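Read off the chains here:
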Amino acid sequence: MSTNPSQIRRALSAYYEPGEAAALSRIVCTELLGQSQTDYFLCKDIELSGNQEEKLQTILQRLAHFEPIQYIQGYTLFLSRPFCVSPAVLIPRPETEELVQRIVAETGAGASVLDVGTGSGCIAISLALELPQAQVEAWDVSLEALEVAQGNAERLGAQVDFRLLDVLTFRPEGEGLFDVIVSNPPYVLERERAEMEPNVVAYEPALALFVPDEDPLLFYRRIGELGRHLLRPGGRLYFEINRTQGAALKALHEAQGYRDVTIYQDISHNDRIIKALL
């Protein structure tokens, strides 16, 4: 049997806007079915074996249910590196790349770094690779997420110390252990769930996404408290944030005793990163 990009695009157009259907059809044809980019743009037929036909139908069914293409592929690119992903972890976003790039630009060799809520490990692993003399530790409350992160570290050749740990209940045993603490914690309000795309709500882990409406700063407050113990003098907190919470977070961290609390906007001009110095 054969198919072609136009047929796949038409099938996806029943569920997606034209631009997104076109982008998904390119991924399906070139990355999942092995068609060359040239043949794709020439709209040439793809000859499918029985197994490939079955694979294509499974892919189209999963996309029809709005499963993220990254989970279907099993990986996504983050700072040009392939990270395996599964429904146990969030799919890394471009905004998080901006967070990592800022830390790399502002962190010296040999720094000690902690990533809280590591998920796929994209932050911790990228920092370990970009700052090869750094000592990087990463925590997560999910064993399944840590297994994904550990696998990514091994494939990419990064040295990261992963720990299964709940930041909300952890009690620090040492002082001044880190130069940098970074986190992309849950920050989507429960009331925002209804406004989100179905591929996010239905498939990405709610544990890593949502915070109660009545306590949106839960994780920032707790990590800020821990930072008072775990950061060395002059150490820095970095967070990815909900674009609506910048002012509240600035006030929170100033009240916790941090200084030079700064909010940075992402490429879309939304408040997205906050930095605080101890």
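Residues numbered from 1 in each chain as written. Predicted model: local features only at pLDDT ≥ 70, side-chain atom pairs only at ≥ 80, totals over all residues. Heavy atoms only, no water.

**A word on the overall build of the protein chain**
Each helix and strand counted, the protein chain has 12 helices and 13 strands in total. Since a compact globule built from 278 residues should have a radius of gyration of about 19 Å, the 21 Å found for the protein chain is in line with a globular shape. In terms of principal-axis extent, the alpha carbons of the protein chain reach across some 65 × 40 × 30 Å. Here the protein chain holds 278 residues, and 49% of them are scored as buried. Looking at the protein chain as shown, the accessible area adds up to about 13,200 Å², and 50% of this sits on carbon and sulfur atoms. Computing the positive centroid from 24 side-chain charges and the negative centroid from 39, the protein chain places the two 4 Å apart. (Helix = DSSP H or I, 4+ residues; strand = E, 2+ residues; numbered from the N terminus. Rg over C-alpha atoms; globule rule 2.2 N^0.38 Å. Buried < 20%, exposed > 50% of the residue type's maximum accessible area, 1.4 Å probe, protein only. Areas by Shrake-Rupley, 256 points an atom, 1.4 Å probe, with all protein chains shown as cover. Lys, Arg positive; Asp, Glu negative; His and termini not counted. Charge placed at Lys NZ, Arg CZ, Asp CG, Glu CD.)

**Things to note about the sheet that holds strand E12 (residues 259-265)**
One open sheet accounts for seven strands, arranged E7-E6-E5-E8-E11-E13-E12; its pairing is mixed. Strands at the two margins of the open sheet, each flanked by one partner only, are strand E7 (161-164) and E12. Neighbouring strand axes in the sheet, compared pairwise and without regard to direction, differ in orientation by 15 degrees on average. Where strand E5 (residues 112-116) lies against strand E8 (residues 178-183), four bridges are found, and the strand directions are parallel. Bridge pairing links Asp 115 to Val 182 in E8. (Pairing = 2+ DSSP bridges. Axes fitted to C-alpha atoms, helices over the stretch in contact; angles between N-to-C directions.)

**With respect to the packing of aromatic side chains**
Taken as a whole and assessed by the stated rule, the structure comprises six aromatic pairs. Ring geometry for Tyr 40 and Phe 41: centres 5.1 Å apart, planes at 75 degrees, overall edge-to-face. Residue placement shows Arg 102 over the ring face of Tyr 264; its charged tip is 3.5 Å from the ring centre. Between the NZ or CZ atom of Arg 193 and the centre of the ring of Phe 210, over which it lies, the distance is 4.0 Å. (Phe/Tyr/Trp six-rings, centres within 6.5 Å; stacked < 30°, edge-to-face > 60°. Lys NZ or Arg CZ within 6 Å of the ring centre and 35° of its normal.)

**Re the layout of surface pockets**
Considering only enclosed or pocket space, the largest pocket measures out at about 1,300 Å³ in volume. Around the largest pocket, the lining is made up of 50 residues, and of these Leu 90, Tyr 187, Val 188, Ala 208 and Leu 209 lie nearest the centre. Only helix H6 (94-106), helix H7 (122-130), strand E6 (135-140), helix H9 (198-201), helix H10 (206-209) and helix H11 (218-230) provide two or more residues apiece to the lining of the largest pocket. Here the residues of the lining of the largest pocket sort into 28 nonpolar, 12 polar and 10 charged. Approximately 510 Å³ is the volume found for the second largest pocket. Residue lining of the second largest pocket: 26 residues in total, with Glu 20, Pro 68, Ile 69, Gln 70 and Asn 199 positioned closest to the centre. Only helix H2 (18-32), helix H5 (69-73), strand E3 (75-78), H6 and H9 provide two or more residues apiece to the lining of the second largest pocket. (1 Å grid on protein atoms, 1.4 Å probe; cavity = no way out; pocket = protein on both sides within 12 Å on 5 of 7 lines; lining within 4 Å. Points joined across faces, edges and corners; volume = space filled by probe spheres on them. Nonpolar A, V, L, I, M, F, W, Y, C, P; charged D, E, K, R; others polar.)

**So, the pattern of salt bridges**
Across all of its chains, the model carries 15 salt bridges by this definition. Of the charged contacts, one joins Glu 67 and Arg 62 as a salt bridge, the two residues approaching to 2.7 Å between their closest N and O atoms. Given a relative accessible area of 11%, Glu 67 falls into the buried group. Looking at Arg 62, the relative accessible area reads 30%, which means it is partly exposed. Linking Lys 250 and Glu 254 is a salt bridge whose minimum nitrogen-to-oxygen distance equals 2.7 Å. With Lys 250 and Glu 254 both in helix H12 (residues 246-255), this residue pair falls four residues apart, about one helical turn. A relative accessible area of 30% places Lys 250 in the partly exposed class. We classify Glu 254 as partly exposed; its relative accessible area is 39%. Put simply, Arg 102, Glu 106 and Lys 275 are held in one network by salt bridges that share partners. (Salt bridge = Lys/Arg side-chain N within 4 Å of Asp/Glu carboxyl O.)

**A look at the nonpolar core**
Core analysis: the largest hydrophobic core is formed by 32 residues, its most contacted members being Trp 139, Ile 181, Leu 230 and Leu 237. When contributions to this core are tallied by element, the ones reaching two or more residues are E5, E8, strand E9 (188-189), strand E10 (210-211), H11, strand E11 (231-240), H12 and strand E13 (271-277). The dominant element in this core, judged by the number of residues it contributes, is H11, at five residues. Setting aside anything within four residues of it in sequence, one finds Leu 237 in contact with Ile 181, Ile 223, Gly 224, Leu 231, His 253, Tyr 258, Ile 274, Lys 275 and Ala 276. With 29 residues, the next largest nonpolar core counts Cys 122, Ile 123, Val 182 and Ile 273 among its residues. (Core = buried A, V, L, I, M, F, W, Y, C linked by side-chain atoms within 4.5 Å. Contact = heavy atoms within 4.5 Å.)

**Examining unusual backbone geometry**
Backbone geometry at Asp 260 places phi at a positive 50 degrees, although glycine is not the residue there. Within the secondary structure layout, Asp 260 lies in strand E12. The class for Asp 260 is partly exposed, based on a relative accessible area of 49%. The backbone of His 269 sits at a positive phi, close to 70 degrees, despite the residue not being glycine. With respect to the element layout, His 269 can be found in the loop between E12 and E13.

Bear in mind that shape data such as this cannot, by itself, settle questions of function.
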